[in-house]
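Next come the chains, spelled out residue by residue.
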Amino acid sequence: MAATARDKALAEVTSRIEGEYRKRTKRSYAVAQEARKYLPGGDTRRSIFFFPYPIWIDHAKDCRVYDEDGNEYLDFHNCYTTMILGHGNAGVNAAIKEQLDQGTLALGAFKKNVVTWAQILCERVESVEQVRFTCTGTESVMMAIRAARALTGRDKIVVEYGGYHGAYDAVVFPPDSRGLPKSLMADTIVVPYSDEAALERALQENKGKVAAVVLEGLMGAAGMIPAKKGYLQAARRLSTEHGAIFILDEIISFRLDYGGIQHLEGVKPDLTTFGKIIAGGTAMAAFGGRRELMQLYSPESQVLHHAGTLNANPLSAAAGVAMLKQITPEFIARINALGTSLRDGMNGIFRKAGVKGQVTGMGSLSNVHFGPVPVVDGHTARDTTNKEILHLFHLSLLNRGILTPERAMFCISSPMSEREVKTALQAVEDAVRELKPDIERIWPDLLGTV
Ligand SMILES: Cc1ncc(COP(=O)(O)O)c(C=O)c1O
């Protein structure tokens, strides 16, 4: 189709789907306009913002959220995988209330529930002997890298192309983003994901200089992309051979198995970062690993300093313990099975419709991609997929009462059952049916199967 005709067709479908969205979300629009006065672009968390403007939530319960206009949504976003128990979980609420009643929200002293919290993580994850708590996953990654640098005396780190490890400069993707100090970024080596030979080459070319290899076992933000079988084990072996610390970022993947993805894949990293589900929906994360490494942070050794006003605050410890105690191996198996059922169902819908949609993921985590080639790494996810159709698919799901991030991630929470999976599949099928004539007109390369 000629460029102008294509632009016109795209403008038409965008106006149709956005028009429906705007009709349903007039109050959200009003809040978004007010927000623009005080928050740049009406936003303070880019990863949950989308155009034309995001929905603004009024309240939530179990696996449902309700926006300012009173629309109900089945929540497959779950704060980017954090709310594994859904919203308003009775156990977590009671634990938080207990802290409120005791007056112990934040203290300039220790409270013993933080020990229980640490113990749960250490008992669940074999490679983790000790942990430290932080306020964000970003801080965990930063502190893990600092430990690796301190122990090895080296500066360079290796990360995967397209991965997301938070907002710490050294790991930001893309590494040439504005505002990053070039001197620091010179120490960040980016390799393709799931490519053992490329990792080996990078370590060889930087022999004796790499402090840490930092990886996810399932690339979360890039679109729930599992590593190839054996890749994590190769990364473990190569890190050891090259004297580098292997940091496994389990901030998303920890929910996939009682012992994290490292248990599933049979690897023992030196350090692990945690976030999301460990703090009951409050702002807290952690990193942990081999005692020898973690001891660098002990006040007795005085090697590394790590403080933080709200680190390990009693409120988050209570919420975290209350959440983690409910997450048993059986619990995980149940939500993983629901995730598999959703993924299989969505892949079936795309196949039947003859549309090149594909659903990647593992267990309770899935992600839809529209693109011509199988999505297997950061390159295929970020550079070959079609973002125009994704935007419309996302709005089309919102119009049908399904909440996902704009990148169409689907995360299962425990209040869900096969019933909610069926509801989501119906919405996906309807959205694909609605968009199929537009795909034929505007993106014919997306017709067929991947
Ligand atoms: C794998 C991974 N690492 C690190 C982070 C950063 O965590 P936070 O947003 O808590 O700083 C995230 C956040 O989504 C993540 O998915």
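Residues numbered from 1 in each chain as written. Predicted model: local features only at pLDDT ≥ 70, side-chain atom pairs only at ≥ 80, totals over all residues.

1. Re the domain arrangement of the chain
For the chain, the assigned domains are domain 1 (3–84 + 329–446) and domain 2 (90–326). The gap between the C-alpha centroids of domain 1 and domain 2 is 28 Å. Every contact between the two is made by 26 residues of domain 1 and, on the other side, 23 residues of domain 2. Counting residues per element, the ones that place at least two in the side of domain 1 that touches domain 2 are helix 13 (329–353), strand 13 (357–362), strand 14 (365–370) and helix 14 (378–383). Considered class by class, the residues forming the side of domain 1 that touches domain 2 number 11 nonpolar, 12 polar and 3 charged. (Domains from an automatic or database assignment. Contact = placed C-beta atoms within 7 Å. Helix = DSSP H or I, 4+ residues; strand = E, 2+ residues; numbered from the N terminus. Nonpolar A, V, L, I, M, F, W, Y, C, P; charged D, E, K, R; others polar.)

2. Section: the nonpolar core
If you look at the biggest cluster of nonpolar residues, it comprises 131 residues, and the most contacted ones within it are I145, A148, A212, V213, V214 and I247. Counting contributing residues, this core receives three or more from each of domain 1 (3–84 + 329–446) and domain 2 (90–326). (Core = buried A, V, L, I, M, F, W, Y, C linked by C-beta atoms within 7 Å. Buried ≥ 20, exposed ≤ 12 C-beta atoms within 10 Å, placed from the backbone.)

3. Topic: the environment of R45
Mapped onto the elements, R45 comes out in the loop between helix 2 (26–38) and strand 1 (57–61). Each C-alpha atom, one on R45 and one on D169, is 17 Å from the other, the two residues being 124 residues apart in sequence.

4. A look at helix 6 (residues 137–152)
Taking 1.5 Å per residue, 16 residues should reach 22 Å; helix 6 reaches 23 Å between its end C-alpha atoms and fits that length. Across the 16 residues that make up helix 6, a large majority, 12, are buried. Considered for burial, the residues of helix 6 that qualify are G137, E139, S140, V141, M142, M143, A144, I145, R146, A147, A148 and L151. Directly after helix 6, the chain includes G153, whose backbone phi takes a positive value near 70 degrees. (Expected span 1.5 Å × (residues − 1).)

5. Let's talk about the site of the ligand
Taken together, 16 residues lie around the ligand, and T136, G137, T138, G166 and I251 are the ones closest in. The element best represented in the shell around the ligand is helix 6, accounting for 3 residues. Across the shell around the ligand, the residue classes tally to 7 nonpolar, 7 polar and 2 charged. (Near = placed C-beta within 6 Å.)

6. Here's the deal with unusual backbone geometry
Between F51 and the following residue, P52, the backbone shows a cis peptide bond with an omega angle of 5 degrees. Note the cis peptide between F173 and P174, where omega equals -5 degrees. As for its placement among the helices and strands, P174 is situated in the loop between strand 5 (156–160) and helix 7 (182–185). Phi is positive for D62, which is not a glycine, with a value near 55 degrees. Looking at where D62 falls in the secondary structure, it is placed in the loop between strand 1 and strand 2 (64–67). Even without being a glycine, T81 presents a positive backbone phi close to 85 degrees. Here T81 lies in helix 3 (residues 78–81).

7. Here we look at the environment of A353
Mapping A353 onto the fold places it in helix 13. C-alpha separation for the pair A353 and M294, spaced 59 residues apart in sequence, amounts to 52 Å.

8. With respect to the packing of helix 4 (residues 90–102) against helix 12 (residues 314–326)
Contact geometry of helix 4 with helix 12 gives a least axis separation of 8 Å together with a crossing angle of 155 degrees. Taken together, helix 4 and helix 12 sit at an angle that is classed as roughly antiparallel. Where helix 4 crosses over helix 12, the handedness of that crossing is right-handed. In this structure, helix 4 contributes G91, V92, A95, I96, E98 and Q99 to the contact, and helix 12 contributes P314, L315, A318, A319, V321, A322, M323 and Q326. Here the contact of helix 4 with helix 12 is built from residues that sort into 10 nonpolar, 3 polar and 1 charged. (Axes fitted to C-alpha atoms, helices over the stretch in contact; angles between N-to-C directions. Parallel < 35°, antiparallel > 145°, perpendicular 65-115°, else oblique. Left-handed = near helix turned anticlockwise from the far one by under 90°.)

9. Here's the deal with the pairing of strand 14
Judged by how many residues are buried, strand 14 sits mostly within the fold: 6 of 6 residues are covered. Of the two faces of strand 14, both are covered, the one formed by L365, N367 and H369 as well as the one formed by S366, V368 and F370. Pairing between strand 13 and strand 14: 6 bridges, direction antiparallel. The partner of G361 across the bridge, within strand 14, is S366. Turn length for the strand 13-strand 14 hairpin, with the two strands adjacent in sequence and antiparallel, is 2 residues, and the turn residue G363 shows positive phi of about 50 degrees. One ladder, built from 3 bridges, connects strand 14 with strand 16 (residues 409–411); its direction is antiparallel. By the bridge assignment for strand 16, S366 is matched with F410. (Pairing = 2+ DSSP bridges.)

10. Structural notes on helix 4
Compared with the 18 Å implied by 1.5 Å per residue over 13 residues, the 18 Å span of helix 4 between its first and last C-alpha is a close match. Listed as buried for helix 4 are V92, A95, I96 and Q99. Across the axial projection of helix 4, the buried residues extend over an arc of 95 degrees, all falling on one side. The outward face of helix 4, more than 90 degrees from its buried face, is lined by the exposed residues A90, A94, K97, L100 and D101. Residues of helix 4 that are buried make contact with helix 12. Positive backbone phi, at 75 degrees, marks G103, one or two positions downstream of helix 4. (Arc of directions from axis to C-beta.)

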